[in-house]
Amino acid sequence: MSDFIQANLPYILAGISVGGQYALIAIGYTMVYGILRLINFAHGDVFMAAGLIMIFATASLPMYISIPLVIIATVLLGVVIERVAYKPLRSAPRMSVMISAIGVSYLIQNCALYFTGGLPRTYPAIPWLSDSITILGATTKRVTAITPILTIILVLALVLFIKKTKVGLAMRAVSRDFQTSRLMGVKIDTVISMTFIIGCLLAAIGSLLYFTNYQSVTPTAGAMPGLKAFVAAVFGGIGSIPGAVIGAFLIGIVENIIKGIGWTTFSDAFTFVLLIVILMVKPTGIFGEKNTDKV
Amino acid sequence: MSNILEIKDLKVNYGGIEAVKGVSFDVEEGEIITLIGSNGAGKSTILNTIVGLVKAASGNVIFQGQDITNKDTNYIVSNGITLVPEGRKIFPDMSVLENLKIGAYMRNDDLSKDIEWVYSLFPRLKERSWQLGGTLSGGEQQMLAVGRALMSRPKLMMMDEPSLGLAPIIVRDIFSIIKEINNQGVTILLVEQNANMALKTASKAYVLETGNITMTGSGEELLHNEAIREAYLGT
Ligand SMILES: Nc1ncnc2c1ncn2[C@@H]1O[C@H](COP(=O)(O)OP(=O)(O)OP(=O)(O)O)[C@@H](O)[C@H]1O
Ligand SMILES: [Mg+2]
């Protein structure tokens, strides 16, 4: 066992790291689903857009302005998408909202195609994060070590926020029952915006970490990590934050170990096999909502 | 006495169907007023319209002299109207205490006095402060729904069928608490199918039939009215 770990250490480290990045995206899926019962297909593309915004920002601005700018712009993008594409459909059937989300996804990809000309754009090296370090004899970028730590801190902060604050209380109420939440004086639209703000904030941070590792952004660069994060969310039980985080780390680690064994071609397939298996065996995921609705 | 709430020729439609067909009534400040009627008469619709969850097609809702017709629920609630909804609708995966706190969502001041007040009205809730709402018994859930509504410090508390699905002893408890809350200065608009209890408790009653008010009187009068006895009391 220890031999295995020693031999595969770079892959395990890479797996934990990319798992953290998937987790930061997966939270956006799971929270939006928890509140709106909507699978926000555009979320992976928002993640990609965050990467492009960084590239365009650093072309003319220093790093210390670009990074906050990326975060703010991504959050704004998320809030605008919700207001324009989802809010008008609040009382429409769920399928309509989902189709709208797919539309937004293509719109973002096509805008990205327009701005990049379809060429992969090189992601800027973020000083400190891209530096090489050595962990237990394995050489890697510092981002590999920082990602899981930062992810855990952010997730804990988020869980505390939802558990302890008044806004968190309102979010839990709205995720349960719109009408009764309204009756308590909760402004539903504000809470929904808040959900998109948090989801996009984490996706923006995730993009800084992810693209530092992968170095280039294409218009479809959000699709694969987006899908994996989505599967992580389903695996964990969509709507559950800890579930999504565990699912994301699991997918990240397993797909990298598969690469380590030399089956790189199958590493993506694993994610989708996992999706199929969960949907067959336990569609509600490991921490899925029990249906406690009393009638 | 002045009217805290005046409903004037209220009409409410769902799609093309008229559920409330021009209803007018007043709620005097400090009183317990009841609206009785059978299934589908439009009782819940009227309460939901007053509180802004459902939009009125025409007519007016006047609260303390101010027209609040079709205003945001958020605004109406912060002005002092609260609704204990039909079926209680407590949040099942929040603790009793959290359910009370969300009832005070509109307020930014200290809640500890009000929580104590609610716990003094319902000692059962105090013992169960950390229990999840969904695991409470039906009667306890109703107490929690009332307590949660009180947390907004309402001037007018509307209650939609508080006795629904509860044993007679619990119903009696709930009604005596309603009177107690009323004595402490909260005006009450009570919607009930349990006409017997409602008429005994209320100072004034309105009878609603398929979207129209068909009879008005003091609780006592209607309790002894032949037609009412036959239609709603089964005697
Ligand atoms: N959301 C809705 N959409 C369409 N029709 C509705 C809706 N809510 C109520 N209705 C209709 O409006 C009418 C009045 O319903 P309402 O719920 O107000 O009656 P109620 O007096 O509260 O009855 P109950 O005592 O059974 O609760 C009914 O015919 C009902 O079918
Ligand atoms: Mg009703």
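Cut-off values and rules
- Residues numbered from 1 in each chain as written.
- Chains lettered and ligands numbered in written order.
- Predicted model: local features only at pLDDT ≥ 70, side-chain atom pairs only at ≥ 80, totals over all residues.
- Heavy atoms only, no water.
- Contact = heavy atoms within 4.5 Å.
- Buried area = accessible area lost by both parts, 1.4 Å probe.
- Salt bridge = Lys/Arg side-chain N within 4 Å of Asp/Glu carboxyl O.
- Polar contact = N/O pair within 3.5 Å; in protein donor to acceptor, adjacent residues only side chain to side chain.
- Donors = N, O, S within 2.8 Å, 3.2 Å for Na, K, Ca; no water.
- Helix = DSSP H or I, 4+ residues; strand = E, 2+ residues; numbered from the N terminus.
- Buried < 20%, exposed > 50% of the residue type's maximum accessible area, 1.4 Å probe, protein only.
- Phe/Tyr/Trp six-rings, centres within 6.5 Å; stacked < 30°, edge-to-face > 60°.
- Expected span 1.5 Å × (residues − 1).

1. A short note on the interface of chain B and chain A
Accessible area lost upon the coming together of the parts serves often as the stated size of an interface.
(1) Moving on: Counting residues at the interface gives 25 residues for chain B, matched by 18 residues for chain A.
(2) Moving on: Both sides together, the interface formed by chain B and chain A hides about 1900 Å², and carbon and sulfur atoms give 64% of it.
(3) Moving on: In terms of surface lost to chain A, no three residues of chain B exceed B:Leu53, B:Phe91 and B:Tyr105, which account for 33% of the buried area on that side.
(4) Moving on: Where chain B touches chain A, the interface holds 2 salt bridges.
(5) Moving on: When the shortest N-O distance is used, the salt bridge between A:Arg172 and B:Glu98 registers 2.9 Å.
(6) Moving on: The interface formed by chain B and chain A holds 6 residue pairs in polar contact (both at pLDDT 80 or more) in total.

2. Here we look at the coordination of the magnesium ion (ligand 2)
Residues and elements named next belong to chain B.
(1) Moving on: All of the protein donors around the magnesium ion (ligand 2) are Ser44 (OG) and Glu86 (OE); their distances to the metal are 1.9 to 2.3 Å. Note that Ser44 is positioned in helix 1 (residues 43-50) and Glu86 in the loop between strand 6 (81-84) and helix 3 (96-103), a separation of 42 residues in sequence.
(2) Moving on: The exposure class of Ser44 is buried, given its relative accessible area of 19%.
(3) Moving on: Of the residues examined, Glu86 reaches a relative accessible area of 32% and is grouped as partly exposed.

3. Focus on the packing of aromatic side chains
All names here are of chain B.
(1) Moving on: The final tally for this structure, using the stated rule, is 10 aromatic pairs over all chains.
(2) Moving on: With a centroid separation of 5.3 Å and an interplanar angle of 50 degrees, the aromatic rings of Phe25 and Tyr206 are classed as tilted. Of the two residues, Phe25 is situated in strand 2 (residues 17-28) and Tyr206 in strand 9 (residues 204-209); the sequence distance between them amounts to 181 residues.
(3) Moving on: Residue classification places Phe25 among the buried residues on the basis of a relative accessible area of 3%.

4. Overview of helix 11 (residues 241-261) of chain A
(1) Moving on: For helix 11 of chain A, with 21 residues, the first-to-last C-alpha span of 31 Å sits near the 30 Å given by 1.5 Å per residue.
(2) Moving on: Backbone geometry just downstream of helix 11 of chain A places A:Gly262 in the positive-phi region, at approximately 110 degrees.

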